[in-house]
Structures are given as structure tokens and as C-alpha cells.
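Structural overview
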Amino acid sequence: MKPYFEKMSPFGSTLPAGKIKSGEPNVQRIKTAEADVDEAVAKVKNAGLPEKVINQRGQLTVWQRIAYLVDPGTWSPLNTLYNPNDNVEGTNNVCHGLAKISGKWAVVIGFDNKVIAGAWLPGQAEEVFRATNLSKRLNIPLVWLVNCSGVKLPEQEKFYGDRRGSGTTFFRHAELEQAGIPILAGIYGTNPAGGGYQGISPTILFAHKDANIAVGGGGILSGMSPKGFFDLEGAEQLIAAAKQFKAEPPGSVKIHHDATGFFRYVFDTEQGVLDGIKDYMKDMPAYHSKFFRVAPPAEPRFPAEDIYYLVPFNQKQMYNFDEVLARLVDGSEHMEYRPGYGPEVYTGLVKVDGFLLGVIANRQGFLGEDYPEYAPYPGIGGKLYRQGLIKMNEFVVHCGRDRVPVVWFQDTSGIDVGDIAEKAELLGLGQSLIYSIQQTDVPMMLVVLRKGTAAAHYIMGGPTANRHNAFTLGTATTEIYVMHGETAAAASYSRRLVKEKESGKPLEPVIEEMNRLVKSYNDNSRPVYCAQHGLVDEVARMTAIRDYLKAFAGAAYQNPRSICPQHQMMLPRIIKG
Amino acid sequence: MRRRAPVKAGAPARLRPIAMRPPTPRNGPLPAIVLRSAAIPAGRLPLLRAALLASLLTLALAAALPERLRAEAAPPRITLFPASVETGDALVVEIDGRPLQRAAQEYTVSFAEQRLALFAHPVKGRGVHVGLAAVPLSAPPGTASLTVAWVDGGRPQSRRIPFHITAGAYGEERLRVDPRHVQPSPPDLERIRREQEKLKRVYASGSPSRLWSEGFQLPVPGEVSGPFGTRRVFNGELRSQHSGLDFRSQTGEPVHASGAGVVKLAEELFYSGNAVIVDHGAGVFSSYSHLSRIQVGVGQRVERGQRVGLIGATGRATGPHLHWGVKVNSVNVNPLSFIRATAALSP
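Residues numbered from 1 in each chain as written. Chains lettered and ligands numbered in written order. Predicted model: local features only at pLDDT ≥ 70, side-chain atom pairs only at ≥ 80, totals over all residues. Heavy atoms only, no water.

What to know about the sheet that holds strand 6 (residues 183-187) of chain A
Residues and elements named next belong to chain A. Quick reminder of the rule: Here a strand pair is declared whenever DSSP counts at least two bridges between the two strands. Comment: elements are numbered from the N terminus, with helices defined as DSSP H or I runs of at least four residues and strands as E runs of at least two. An axis is simply a line fitted to the C-alpha atoms; with a helix, the fit covers only the stretch in contact. Between two such axes, the angle follows the N-to-C directions and lies from 0 to 180 degrees. Here, residues are in contact when the closest pair of their heavy atoms is within 4.5 Å.
Read across the open sheet, the 7 strands follow the order 2-3-4-5-6-8-10; overall the sheet is mixed. Of all the strands in the sheet, just strand 2 (76-78) and strand 10 (265-267) have a single pairing partner and so form its edges. With strand direction ignored, the average angle separating the axes of adjacent strands in the sheet is 20 degrees. Sheet topology note: the strand 5 (residues 142-146)/strand 6 ladder contains 5 bridges and is parallel. The partner of Leu145 across the bridge, within strand 6, is Gly186. Relative to the sheet, helix 6 (residues 124-138) contacts strand 2, strand 3 (94-101), strand 4 (104-111) and strand 5, its axis offset from that of strand 3 by approximately 20 degrees. Sitting on the sheet, helix 12 (residues 270-281) touches strand 3, strand 4, strand 5, strand 6, strand 8 (204-208) and strand 10, and the angle it makes with strand 8 is about 160 degrees.

Shown next as C-alpha cells:
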């Protein structure tokens with residue numbers, strides 16, 4: 001298949017000098033918005049005790065452990081800002097991401113031992129759920145850095161129970177193991193109760209010499225057999241018991257290495273644990289990249305920095321998506337699928353790090369007086385029409401057949417509406433796209449380049465495609481809402497305006513409420529908000545989007561559950577005609 | 001003269017929009033004329049005719065007033081940006097006096113201890129004035145207000161503009177350390193005192209005029225490693241709040257002026273190491289600390305993006321980084337909030 005893949009059609013063009021000059025304010029606005037995200041990330045990373053204090057205790061922080069564990073330049077963090085309950089700690093207390101360890105992709109997740117010794121906090125279970133989902137979707141190992149003091153007791157009611165509560169993790173681990181996905185766990189510190197199950201549920205346990213895992217920790221044992229109330233005598237007994245269990249916590253290495261053998265390996269140093277995991281990762285199931293690569297990896301012909309000039313911060317301004325894509329894919333080459341049909345949507349095959357990916361994206365701008373063909377009004381990019389929906393359906397189905405992972409780029413204001421659009425079957429075609437996605441069973445990722453709006457956010461590979469969407473990336477220009485705030489205000493208040501007007505009442509109070517709603521939509525659709533509430537899994541710099549594409553492609557092709565031989569693929573031949 | 005046909009009782013009245021005059025506040029300015037369109041029941045027409053006549057009379061009187069007097073009659077329109085404010089934010093106050101075109105000097109804007117320097121809006125042109133205020137980190141959350149004052153026909157006028165302050169979500173760094181390690185030696189304390197005096201003089205010496213024209217930008221491309229406002233608690237005692245943003249970067253990387261202005265300080269300080277302070281005018285200063293090298297001199301005019309020094313780890317720094325600070329009216333603000341707030345002031 002060399003003729004198809006080694007040299008595809010080049011696309012994109014060098015940024016004109018005028019665009020560079022006039023685009024400078026746009027660059028600054030995006031970079032300032034990225035600095036906002038950075039600042040929020042720094043708050044999460046600095047939560048809890050300072051690194052210096054942890055190091056003085058002879059421990060590494062979770063961030064230091066990750067930095068030591070992963071191959072340089074491969075850490076692609078996810079859900080760093082995820083904290084939907086706005087915990088006072090400033091974090092949900094786990095961090096995870098995609099990374100290579102010893103040359104192989106894995107999902108890496110660890111407890112933040114700087115914050116209440118890695119306790120369970122509200123919002124954490126959902127992030128763990130996402131991490132295990134990612135591992136399952138991509139069929140790659142899950143690597144845990146366990147250091148978990150158990151439930152934050154004063155807030156247990158928020159996450160202990162429930163269908164998706166913290167205990168869900170242990171069933172998810174079993175599910176991954178049943179599916180043949182290994183879970184490696186480095187275990188540090190004291191891990192009682194929930195922490196104990198965090199420790200025992202993975203596949204292979206690598207323990208630090210001071211680590212322990214137990215059904216119940218010293219704290220629980222000290223407090224057994226209460227009288228129903230506390231008095232001085234009881235307090236003295238507690239003090240004595242607590243001292244004893246602090247000196248000898250249950251489930252130490254003496255028990256779980258020497259007696260039960262649960263700890264497969266024990267290491268004297270923190271780094272030793274990580275070295276043990278690195279060594280094991282070499283033997284994890286993975287194809288060599290040459291098995292699936294369609295061409296040698298190549299950088300794009302245009303710098304990623306150009307994206308700051310190409311994507312307007314102002315959501316009302318148009319741009320050329322193809323130029324953006326040319327900054328993200330190998331050699332700035334592609335094979336576009338049905339270029340003359342459904343012009344509001346880009347569909348095509350590209351290479352990222354030498355791997356074949358399908359790309360589906362919204363295009364922007366005026367589509368001409370004659371499009372959409374079924375309506376008397378002109379089409380505008382960002383909106384979806386009949387042809388675009390049909391094209392996406394076809395392309396997704398072909399990608400499924402050829403086992404090509406799909407990357408979606410959203411900048412959409414929704415699907416065409418009104419009776420003309422209904423007659424053109426857009427409602428049915430939207431749901432058809434959902435069905436098409438559901439039956440593919442290939443990994444997908446989404447980049448919300450700017451707007452993710454209305455049902456289009458769902459049907460274009462959004463995170464609601466639970467079994468397919470591996471993760472969703474935001475950028476500094478991302479906005480996610482059911483509709484624009486002004487549209488929502490008009491929809492919510494138009495009847496009331498009429499009523500007030502007819503009864504001769506002043507309109508100003510209603511207008512004030514409308515403006516408040518517009519502002520609330522604006523505040524609650526910013527990138528940091530989206531990341532804190534899980535609407536996106538991370539907000540990436542424009543220059544880092546390609547890193548995530550590489551991580552996705554490498555991980556998706558590392559050990560896929562099914563294969564389509566390159567010479568039996570249909571999509572490249574359909575494109576060629 | 002044509003006579004108007006009598007209106008039949010019970011028939012729906014179809015009137016043109018009429019000019020209504022709201023009540024004049026005591027000691028207040030003449031009200032703006034408000035145009036309202038309304039369908040009015042026929043039974044109330046005699047009263048309305050009288051009102052209409054009164055309004056027409058008012059209009060005629062207003063038309064007969066000298067230009068200057070009519071100009072004084074309209075209160076300015078005052079807007080705050082951003083609409084929701086956090087502690088540590090910069091705040092843009094816009095006074096739209098069009099079409100009267102009062103000069104900036106005719107207004108006084110004050111917020112807490114701050115008296116704002118006003119300048120012509122760079123985009124909206126004559127008659128629209130802008131000032132910058134700062135909401136201190138220590139400001140209590142809740143309703144606050146700023147005051148805009150002017151003189152109308154020799155009579156002082158003022159308006160209080162209320163706004164809501166929410167507490168910024170700033171982290172906390174708690175450290176237990178040997179007190180000797182956080183207490184500088186007596187000679188160092190003396191040096192710190194001298195430097196603080198000097199800094200006070202520097203920040204008091206700013207140009208009242210705006211010295212920048214284009215918007216502000218980030219001084220380095222690096223990653224933000226130290227958020228603004230983090231509380232530093234040593235041994236249970238709040239010692240400081242992070243007054244700027246830290247950017248992680250490599251020693252020797254260039255640091256650029258975030259906006260145009262004049263260098264007011266370029267020297268080594270005890271805490272800040274090699275530091276540069278730029279006066280941007282209208283109450284705004286930016287500072288660049290811990291530099292390995294200073295590449296500008298006091299009194300030098302710098303443009304936005306011009307190199308002022310190189311990243312370093314001088315002064316009280318644990319590693320190479322840039323501490324970037326912005327002060328508005330001598331109050332520390334989050335530099336990112338400042339950039340956002342002033343973005344709309346760029347042509």
C-alpha cells in the first residue's frame with residue numbers, strides 16, 4: 001500500500017507576512033488564556049504540603065514519581081483540573097495521563113501524597129473511572145502509584161457509596177484484568193481500608209519497604225469497641241492504641257511480603273519501586289510500531305506556532321481549518337474523503353507519527369448560495385447540513401471497517417434547524433451518526449478546537465460516546481454549551497418580554513436578567529470551567545495538540561483488539577476512486 | 001390650522017411614541033430625555049394631552065438652553081469591566097460622557113484609597129474616559145463601590161457605582177520552619193527597610209499619563225509555576241500572599257517588557273534579586289524579578305516586547321524563574337486579570 005500512504009497529497013500554505021503582523025493581538029489573547037489555564041494547573045500541583053516537606057520526610061511527591069517513571073517527553077496529562085465539587089483542598093487528589101514507560105504506552109495514575117496523604121476526596125472516583133476507561137478503550141496497561149490514606153472521613157457521604165462511588169475502582173480493576181489488561185501498582189506509605197483495596201486490586205504489586213496495605217488501618221483498630229460515647233478513659237485508651245499502631249501499622253511488608261506474598265517485590269528506595277515497574281513494562285503486550293505504521297514518522301511542514309495566528313480567539317471570526325490540520329499531521333499530507341460533498345465538514349486520512357488516523361472536522365465560513373441544496377438560505381460553516389451528516393456517517397463506517405482510529409475536531413454551532421431541515425432528515429441523520437459511531441469499535445479522541453454546541457457536540461464523537469471517546473481535549477479557545485448564551489437568553493425570555501411589553505411594564509429588569517444569563521453562560525463555558533467539570537479532559541496549548549495526537553495514535557495502535565491488513569483496507573481505494 | 005378629529009371612547013388609541021420626563025432628582029442633574037412607546041387607553045387621553053403638552057414645553061425649553069447648559073444636563077454613563085470581580089483583579093472604569101465631550105480632568109474617580117488616573121479611551125475616542133482600579137487581595141468579599149464625581153453648572157455631582165467582590169480561590173502553602181530561617185539578620189533587615197522606602201518612592205513617581213498604546217502581553221512564553229495570591233503560612237502565621245506570577249524557565253532566556261513605558265528601577269534587591277520596574281503611566285507598573293542579567297537602565301523608554309533582562313535565580317529564589325508583578329495604583333493585581341481587563345483598550 002506504499003503508493004497510497006508513503007506520499008499523500010500535500011496541503012496547507014505558509015502564513016503570509018500580513019497575517020503574522022495582524023494576528024499578533026490574537027496570539028496574545030490565546031496565550032493569556034493559556035496562562036490562565038497554567039495558573040489553575042499550578043494551583044492543583046501546588047496543593048497540599050510543599051515538595052520540600054515531602055522530600056524532607058524521605059518521600060517523593062506524586063509528580064516527582066511520575067517524572068521519574070515515564071519516558072521523557074511522553075507525559076500527556078489528563079483531568080489535571082478535574083474537581084467538580086470544588087474541594088477545599090484544590091484537587092480531587094489523583095492525577096493521571098498517558099505516557100510511555102520503557103518505550104510502551106500506559107495509563108499512569110497516582111494519588112497526590114501531598115494532600116491528606118493521598119486520601120479519597122469528592123470527584124476522585126470519576127477521574128479514576130475515566131482512567132480505567134481509557135486503559136480499556138486503548139487496551140494498554142494501567143500503572144498505579146498507590147499512596148492512599150483512605151476516605152476523608154468528614155466527607156465520606158459524598159463518594160463512599162453510590163453506583164459510581166470510590167469502590168467502583170476495584171470492580172473496574174477486575175474488569176480490566178478479565179479483559180487481559182495488566183495493572184501494575186507501585187505502593188507507598190500507609191494504605192488502610194479503601195487504600196488497602198487500592199493496593200490489593202492491581203495485578204502485580206511493587207512495594208516500598210515502608211508501605212502497608214490493610215483491610216482496616218491503625219485509626220480504625222484504635223477506635224474499636226466504643227462505649228457509644230467518649231470520655232477521658234476512652235481517650236487515654238485511644239492514645240495508647242494509636243501510638244502502638246503508628247509504630248506498627250497493620251499490613252506491613254512483614255505481613256504482605258513475608259507471610260501472604262501479596263507484595264510480589266519490595267524495594268528499599270522510592271526510585272527502586274519505579275525501576276521495578278519500568279523493568280516490568282518492557283514485557284507488557286505490545287506490537288512493535290513498525291507492525292502498524294504506514295510510513296516513517298515526519299514532522300508537519302509548517303510550525304505549530306502558526307495555529308495561534310490561524311484560530312481566531314473571537315468566536316465570530318472565520319478561519320481555514322485545513323490550514324490548522326496541516327500544522328498537526330505528518331508531512332502536512334492527507335487523503336481527503338469526498339472533498340466536493342458536504343463542504344461544511346472535513347473528512348480524510350492523515351498520518352501522525354507514521355500511524356494512519358481518520359480526521360473529521362467542522363469547516364468554517366460561507367458555503368455559497370447553492371448550499372445546502374435543500375434550502376433557500378445559504379449555508380455557513382460550523383453548522384451541519386444533510387450532505388455533511390451523510391459524509392460523516394460514511395466516513396466513520398469506513399474507518400470502522402478498516403480499523404482506523406478517528407480524531408474529531410469540533411467547532412460547531414449545531415445542526416441546521418427548521419421545517420426545511422426536518423424535511424431534509426437532519427434529526428434522523430444525526431442519530432444515524434451516533435449509530436454509525438457505536439458500531440465501529442475503534443478508539444476515538446476529540447479536540448474541541450472552539451465551540452462544542454448543541455447536539456452536534458454529541459454526535460461528532462463527543463465524550464458522550466462513552467465506549468469510543470478515549471478522551472476529549474480542549475484548547476484556550478474552547479467553549480462548550482447547549483447553545484450560545486445570547487440564544488439561550490432570547491429563548492428563555494422572549495415570551496416574558498412580550499408579556500411585560502403588553503402590560504406596559506418596564507423591560508429593563510428582564511433585560512438585566514437576560515444579560516445575567518448571557519454572562520453565566522460565558523463564565524460556565526470557559527476552558528478552565530470545562531476542565532474543572534470534566535467537559536474536557538485537559539486543556540492543551542495549541543502547540544501541544546500534536547503531542548496528544550501522537551500519544552493517542554501510539555497508544556491506539558500499541559495492542560489493538562482487531563486488525564485490518566493494510567492491503568485489505570477500502571478507504572484509501574474509495575478516496576482514490 | 002387643522003383640527004384633530006375627536007377620539008371615540010372605547011376605540012383603541014394609536015399614538016406615536018411620546019417624550020416623557022421622569023421626575024427630577026433634588027439637587028441632581030437635569031434628567032436625560034427618555035423615549036417610550038406605549039399603547040394608552042382612550043379614557044386617559046385628556047390627562048395625557050396635558051402631559052404631552054408639558055413634555056413638549058420641556059423639550060422647547062431644553063432646545064432654547066445654551067449649548068453649554070444642555071451639555072451639563074446629561075450624566076455620564078459609567079461601566080465597569082469585568083462585570084464580576086475577584087480580590088486581586090484589575091478593574092477598568094469607563095466613563096462615557098458622549099456627546100458632551102467633557103475633558104477627563106472634569107471627573108474624579110475614587111475607589112477606597114485609590115484615585116484613578118483617567119485617560120481618553122484608545123478605541124472609543126473623544127468623550128469616553130478610562131481609569132484603572134485595583135481590588136486588593138485583602139478586600140472583603142461583598143458589595144463595594146467606587147465614586148465618580150463631576151461638576152455641573154458649578155454644582156458638584158457624584159454617583160456611587162456598586163459592584164460585587166468575590167473572594168479569589170487562592171491556594172495556601174503551609175510550612176513549619178525554624179523561625180531563625182525566616183528572620184533575616186539585622187543588617188539584612190536594615191537593607192530591606194531601605195529598599196522598601198525606595199520602592200515606595202518609585203511607585204509614587206509614576207507618570208499620570210498613559211505611556212502604552214498597544215495592549216499588554218506575557219513577558220515570557222514559559223509555564224506558570226507559581227499562581228498569584230497563594231497564601232504563605234509559616235508556623236501557622238500568614239506571612240505573605242504571592243504578589244505576582246512565577247514562570248518556570250531556563251536561566252538566560254529573555255524577559256520582555258509586557259507593555260511600553262519607562263524604566264524606573266534596574267538594580268539588585270534583597271528579595272527580588274536583579275529587578276526591573278517599568279512605569280506604564282496612569283497608575284500602572286510592572287516588575288520583573290530574579291533576573292540573571294538586567295539589560296535596561298533607569299530612565300530608558302522601553303516598548304512592548306523589548307528585552308529587559310534574562311531569566312535567573314537571584315534574590316530569594318529556589319530555582320530559575322521569572323516573578324512578574326503588576327501594580328495598579330500601588331496595589332498588586334493578578335497580571336493575567338490585568339491583561340484581560342485592558343485587552344479592550346487596544347486599538
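We are not done yet, so read on.
Description of the packing of aromatic side chains
Short version of the rule: Any two rings among Phe, Tyr and Trp, with Trp reduced to its six-membered ring, count as a pair given centres within 6.5 Å; such a pair is stacked if its planes are under 30 degrees apart, edge-to-face if over 60, and tilted if neither. Whether a residue is buried, partly exposed or exposed follows from its accessible area with a 1.4 Å probe, protein chains only, as a fraction of its type maximum: under 20%, in between, or over 50%, in that order.
Scanning the model with the defined rule gives 29 aromatic pairs over all chains in all. Note on Phe206(A) and Tyr265(A): the rings are 5.5 Å apart at their centroids and 20 degrees apart in plane angle, and the pair reads as stacked. Taken as a pair, Phe206(A) in strand 8 and Tyr265(A) in strand 10 lie far apart in primary sequence, 59 residues in all. When its relative accessible area of 1% is taken as the criterion, Phe206(A) is described as buried. With relative accessibility at 31%, the residue Tyr265(A) sits in the partly exposed group. With a centroid separation of 5.6 Å and 75 degrees between ring planes, the pair formed by Phe119(B) and Trp212(B) is classed as edge-to-face. On the criterion of sequence distance, the pair formed by Phe119(B) in strand 8 (residues 118-121) and Trp212(B) in the loop between helix 4 (186-204) and strand 13 (223-226) is long-range, its members being 93 residues apart.

Some remarks on the environment of His457(A)
Residue and element names in this part refer to chain A. By the element assignment, His457 lies in helix 18 (residues 454-459). In this structure His457 comes out as buried when scored by relative accessible area, which is 9%. Leave out the neighbours within four places in its chain, and His457 touches Gln410, Thr412, Leu446, Val448, Gly452, Gly462, Pro463 and Ile480.

Points about the sheet that holds strand 23 (residues 307-310) of chain B
Residues and elements named next belong to chain B. If you walk across this open sheet you meet the 3 strands as 17-23-21, and the pairing is antiparallel. Strands with a single pairing partner mark the edges of an open sheet, and in this sheet they are strand 17 (254-256) and strand 21 (293-294). Alignment of strand 17 against strand 23, held across 3 bridges, turns out to be antiparallel. By the bridge assignment, Pro254 is partnered in strand 23 with Leu310.

Overview of the pairing of strand 8 of chain A
Residues and elements named next belong to chain A. Most of strand 8 is tucked away: 5 of the 5 residues are buried. Covered by surrounding structure in strand 8 are Ile204, Phe206 and His208 together with Leu205 and Ala207, the residues of both alternating faces. As defined by bridge partners, strand 8 adjoins strand 10 across 3 bridges and the pair is classed as parallel. Across the sheet, Phe206 pairs through a bridge with Tyr265, a residue of strand 10.

A look at the pattern of salt bridges
All names here are of chain A. To keep it simple, the criterion reads: Salt-bridge detection follows one rule: a side-chain nitrogen of Lys or Arg within 4 Å of a carboxyl oxygen of Asp or Glu.
This structure, assessed with the given rule, holds 45 salt bridges over all chains. Glu299 is the partner of Arg546 in a salt bridge, and the nearest nitrogen-oxygen pair spans 3.7 Å. With Arg546 in helix 22 (residues 545-556) and Glu299 in the loop between helix 12 and helix 13 (307-310), this residue pair connects regions lying 247 residues apart in the sequence. A residue is classified by how much of its surface remains accessible, and Arg546, at 8% relative accessible area, is buried. Relative accessible area serves as the criterion here: at 54%, Glu299 is assigned to the exposed category. Of the charged contacts, one joins Lys451 and Asp411 as a salt bridge, the two residues approaching to 3.4 Å between their closest N and O atoms. Placement of the pair is Lys451 in strand 18 (residues 451-453) and Asp411 in the loop between strand 15 (406-410) and strand 16 (414-415), with a sequence separation of 40 residues. Look at the salt bridges and you will find they share partners, linking Glu89, Lys152, Glu155 and Lys158 into a network.

Concerning a nonpolar patch on the surface
Residues and elements named next belong to chain A. The criterion, for reference: For patches, a residue must show more than 30% relative accessible area and have no salt bridge; joins then use 9 Å for like charges and 5 Å for nonpolar side chains, namely Val, Leu, Ile, Met, Phe, Trp and Tyr. Surface accessibility follows the Shrake-Rupley procedure with a 1.4 Å probe radius. Residue values consider only the protein chains on display as shielding.
The grouping of Tyr197, Ile200, Val215 and Phe262 at the surface amounts to a nonpolar patch, some 380 Å² of accessible area in total. Mapped onto the secondary structure, Ile200 falls in helix 8 (residues 194-200). Judged by its relative accessible area of 31%, Ile200 falls in the partly exposed class.

A few points about the interface of chain B and chain A
Put simply, the rule reads: In short, buried area is how much 1.4 Å probe accessible area vanishes from two parts on joining, totalled over both. Under the rule applied, a polar contact is a pair of N or O atoms within 3.5 Å (in protein, one hydrogen donor and one hydrogen acceptor; residues adjacent in sequence only if both atoms are side-chain atoms). Basically, the charged four are Asp, Glu, Lys and Arg, the nonpolar ten are Ala, Val, Leu, Ile, Met, Phe, Trp, Tyr, Cys and Pro, and anything else, Gly included, counts as polar.
If you look at the interface, chain B gives 26 residues, while chain A gives 20 residues. Counting the surface lost from both chain B and chain A, the interface buries some 1,700 Å², and carbon and sulfur atoms represent 54% of this. The interface formed by chain B and chain A includes 1 salt bridge. Arg340(B) is the partner of Asp36(A) in a salt bridge, and the nearest nitrogen-oxygen pair spans 2.5 Å. Inspection of the region where chain B meets chain A yields 7 residue pairs in polar contact (both at pLDDT 80 or more). Of all the secondary-structure elements, those providing two or more residues to the side of chain B that touches chain A are strand 12 (172-175), strand 13 and helix 5 (335-342) of chain B. Of the residues belonging to the side of chain B that touches chain A, the class tally is 12 nonpolar, 7 polar and 7 charged.

Points about helix 5 of chain B
Taken across its 8 residues, helix 5 of chain B has 7 buried, putting it largely inside the fold. Among the residues of helix 5 of chain B, those classed as buried are Pro335(B), Leu336(B), Ser337(B), Phe338(B), Ile339(B), Ala341(B) and Thr342(B).

Looking at the pairing of strand 24 (residues 321-328) of chain B
Residues and elements named next belong to chain B. Where burial is concerned, most of strand 24 is hidden: 8 out of the 8 residues are buried. The side-chain alternation of strand 24 yields two buried faces, one formed by His321, His323, Gly325 and Lys327 and the other by Leu322, Trp324, Val326 and Val328. Here 4 bridges tie strand 16 (residues 245-248) to strand 24, and the two strands are oriented antiparallel to one another. Bridge pairing in strand 24 places Phe247 opposite Leu322. Bridge analysis of strand 20 (residues 284-291) against strand 24 gives 6 bridges, and the strand direction is antiparallel. Each residue of the ladder has a partner; that of Ser286, found in strand 24, is Val326. Taken together, the 3 bridges between strand 24 and strand 25 (residues 331-333) define a ladder with antiparallel strand orientation.

Brief notes about unusual backbone geometry
A cis amide bond links Tyr371(A) to the next residue, Pro372(A), at an omega of 5 degrees. Position of Pro372(A) among the secondary structure elements: in the loop between strand 13 (355-362) and strand 14 (383-384). Residues Phe81(B) and Pro82(B) are joined by a peptide bond in cis, for which omega reads 0 degrees. Considering the arrangement of structural elements, one finds Pro82(B) in the loop between strand 3 (77-81) and strand 4 (85-86). The phi angle at Asn79(A) is positive, at roughly 55 degrees, despite the residue not being glycine. With a relative accessible area of 2%, Asn79(A) lands in the buried category. In this structure, Ser330(B) is a non-glycine residue whose phi angle is positive, near 70 degrees. For Ser330(B), the position within the fold is in the loop between strand 24 and strand 25. By relative accessible area, which is 47% here, Ser330(B) ends up partly exposed.

Some points on the packing of helix 6 of chain A against helix 7 (residues 168-178) of chain A
Residues and elements named next belong to chain A. Our working rule: The cut-offs work like this: below 35 degrees is roughly parallel, past 145 is roughly antiparallel, 65 to 115 is roughly perpendicular, and the gaps in between are oblique.
Two elements in contact, helix 6 and helix 7, have axes whose closest approach is 10 Å; the angle formed by their N-to-C orientations is 5 degrees. Between helix 6 and helix 7, the interaxial angle falls into the category roughly parallel. Here helix 6 contributes Val128, Phe129, Thr132, Asn133, Ser135 and Lys136 to the contact with helix 7, which in turn contributes Thr168, Thr169, Arg172, His173, Glu175 and Leu176. Per-class residue counts for the contact of helix 6 with helix 7 are 3 nonpolar, 6 polar and 3 charged.

Some words on the side chain of His173(A)
Residues and elements named next belong to chain A. In this structure, His173 sits in helix 7. Within the local environment of His173, its side chain forms a polar contact with the side chain of Trp144, the two groups lying 2.8 Å apart. A distance of 2.8 Å separates a polar atom in the side chain of His173 from a polar atom in the side chain of Ser201. Setting aside anything within four residues of it in sequence, one finds His173 in contact with Thr132, Leu142, Trp144, Ile183, Ser201 and Pro202.

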